[in-house]
Amino acid sequence: MLSYPALLDLATQELHSLGGSESFLVGRDETAHLCLLDPTCSRRHFRIARRDGRHYVEPLNSRNPTYLNGRPVAKPEPVEHGASLQAGQTRFQFLLRAAGDGTTPRAANAAPPAAAVQAPSRVASAPSPPRGRLGAILLVAGFGGIVVAGLVTAVVLFRQDGSPAQQTQEGDANGQIEMRPRPAPPDPRIEIVRPAVEKGVRFLRATLKKKAGWNVVPHWQAGEVRYGMDGLIGLTLLECGCGPEDPDVLAIAEELRKAGPALRKTYAISATLFFFNRWSEVRRLSNADETLARSLGLRLCAGQIGLGIWRYDCPVLSTEQEQELLAKLKAGAPPPGAPGGSYSISNSQFAMLALWGARKHGIPVREILLRAAAHFHRSQSPQDGHWKYDDTQNTTVLWTTATAAGLMALAMDKALREDREFNLLGKAVKEPAKRADVARAFAFVARSIGRKKGDPGGGKHGYAGTIFQADAWGDIYYLWTIERLGMIYGLPVIEGKDWYDWGYRILLEQQKPDGSWQDKHQPEVDTCFA
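All figures in this text were calculated on a predicted structure; none of them were measured in a lab.

Chemist: Any chance you could explain the overall build of the chain here in plain terms?
Modeler: Of regular secondary structure, the chain possesses 15 helices and 14 strands. A separation threshold of at least 6 residues defines the contact pool for the chain, and within that pool the share at least 24 residues apart is 69%. For the chain, the accessible surface area stands at approximately 21,700 Å², while carbon and sulfur atoms represent 53% of it.

Chemist: What is the right way to read unusual backbone geometry from this model?
Modeler: If a residue is not glycine, its phi is most likely negative; likewise, a peptide bond is most likely trans. With a phi close to 55°, D52 is a non-glycine residue in the positive phi region. Here D52 lies in the loop between β5 (46-51) and β6 (54-59). Look at D52 and you get exposed, because its relative accessible area is 80%.

Chemist: Looking at this structure, how should I read the nonpolar core?
Modeler: Generally speaking, nonpolar side chains in soluble globular proteins are found buried as a group. In this structure, F275, L300, W310, Y478 and Y489 are the most contacted members of the largest nonpolar core, which totals 112 residues. Per element, the largest residue contribution to this core is 11 residues, and it comes from helix α11 (residues 399-418). In terms of nonpolar packing, the next biggest core, distinct from the first, is built from 18 residues, L18, V57, L68 and A83 among them.

Chemist: How do you make sense of the pattern of salt bridges when you look at a structure like this?
Modeler: Pairing between side chains becomes possible if they bear opposite charge and their charged atoms approach one another. Under the definition given, this model contains 20 salt bridges. With its nearest N and O atoms 2.8 Å apart, the salt bridge here joins D289 to R257. Residue D289 is found in helix α7 (residues 287-303), and its partner R257 is found in helix α5 (residues 247-259); the two are separated by 32 residues along the sequence. Overall, the relative accessible area of 2% leaves D289 in the buried class. Taking the relative accessible area as the measure of exposure, R257 reaches 28% and is therefore partly exposed. Of the charged contacts, one joins R366 and E367 as a salt bridge, the two residues approaching to 2.9 Å between their closest N and O atoms. The same class applies to R366 as to E367, namely buried. Each of R205, D246 and D248 takes part in salt bridges that share partners, so that together they form one network.

What counts and what doesn't
Residues numbered from 1 in each chain as written. Predicted model: local features only at pLDDT ≥ 70, side-chain atom pairs only at ≥ 80, totals over all residues. Heavy atoms only, no water. Helix = DSSP H or I, 4+ residues; strand = E, 2+ residues; numbered from the N terminus. Contact = heavy atoms within 4.5 Å. Areas by Shrake-Rupley, 256 points an atom, 1.4 Å probe, with all protein chains shown as cover. Buried < 20%, exposed > 50% of the residue type's maximum accessible area, 1.4 Å probe, protein only. Core = buried A, V, L, I, M, F, W, Y, C linked by side-chain atoms within 4.5 Å. Salt bridge = Lys/Arg side-chain N within 4 Å of Asp/Glu carboxyl O.

Note that all results are geometric; they support no functional claim without further evidence.
Here is the structure:
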């Protein structure tokens with residue numbers, strides 16, 4: 001039986017009763033009355049308090065606003081029946097009684113509708129990452145829409161073009177006027193890409209049944225790459241709507257549990273962590289799985305070199321070493337970093353994304369990721385705003401995707417410096433000696449958006465893709481990279497180019513009859529990137 005007053009989640013139509021509470025806490029903290037999975041929310045975001053027969057919304061984090069009817073509130077304010085509330089990217093309607101509009105809200109413990117998707121609002125096209133969007137995109141898996149469902153993810157996340165203040169007036173059963181959010185029309189591209197997503201999922205499921213073929217792997221990753229592929233496939237299945245108890249998801253989890261304690265390769269560690277980060281969004285991890293995820297994250301922290309970035313390998317730590325490292329991270333004083341050596345920006349990108357998501361496993365990542373961002377601040381090319389892929393190159397090999405990785409690091413840097421969640425120790429953050437030029441970096445990356453095969457200025461190395469020849473390790477990998485940037489920075493258009501409308505058409509054309517994609521990587525990997 002539905003009970004009022006209540007908060008109606010406008011994305012899922014779940015009704016969360018206040019249950020007669022005098023003080024109803026909403027946030028990511030597990031002790032909250034309503035614990036949200038939305039990573040853009042604060043742990044204690046707002047509360048609904050009842051005093052003298054009225055209800056008030058009380059914001060609890062001045063750096064991460066609570067919105068009442070589309071405007072931020074700075075102090076307790078009365079909240080009336082039908083008012084809209086927003087925490088992070090999660091939007092509610094406050095109800096004192098049934099809405100009376102002919103629809104029936106769903107109790108919070110009821111099964112969600114198949115098409116329910118929470119979608120953040122579109123933000124202005126400016127090269128500055130909104131903190132909320134950054135959290136939502138990166139923390140979703142520590143890796144977000146890397147998936148076949150990158151097709152669907154990007155469409156869904158951009159299908160709302162209204163702000164929290166856009167509302168319509170509707171009368172309730174008593175003839176009173178209510179302000180209700182105006183629903184955005186569904187993006188027609190969702191239905192266009194859906195069959196391709198479903199075919200891709202079928203291919204990945206079939207792949208899991210014949211994993212013997214995974215023995216043919218690049219020599220530098222042999223033995224561990226299969227577990228990185230497990231992590232990518234598991235993440236993809238979850239992002240494509242497979243449930244947390246799906247048999248293939250459970251099988252992947254078991255494989256990663258067995259392999260995880262011995263993993264040393266940065267790629268494999270990161271991809272395994274992507275899976276556990278995402279799985280924990282929809283299922284509470286066991287103590288053993290939490291311990292493994294934390295161990296993997298600490299391994300990445302220990303593998304960071306003094307320059308602030310990563311190589312191909314990370315050390316396996318003993319329990320005592322993990323505890324010592326964790327204590328230093330909590331104190332805001334991480335070790336100086338492993339000795340130098342040849343680095344890889346691709347490895348670094350994976351490590352940064354995985355660590356961002358590893359916050360939920362109790363790892364304080366602030367100083368580690370600030371150190372990574374500092375590398376990009378000081379090493380940007382003054383000529384055209386690019387970054388190199390590694391420390392051995394004098395040619396333009398893979399500069400485009402390396403530059404995209406640098407932009408991701410700068411987005412994290414902004415959130416780490418400005419979001420109160422990361423500044424609880426009150427430790428001042430030293431400003432970099434020089435700041436990277438975000439606009440020039442975006443201009444560099446955007447050169448390949450809209451390319452066709454044979455156009456001048458493409459990649460001329462053996463890594464370049466076969467579809468439109470971007471300066472990347474494959475064109476499908478480039479498309480994934482651009483999707484990450486677009487989502488993290490909230491940019492449906494980059495340098496005047498609609499990256500999604502260009503990219504999704506290419507992917508639809510390139511999908512093979514068995515549902516896979518393949519350009520420069522194995523079909524399992526490129527399918528996940530697609």
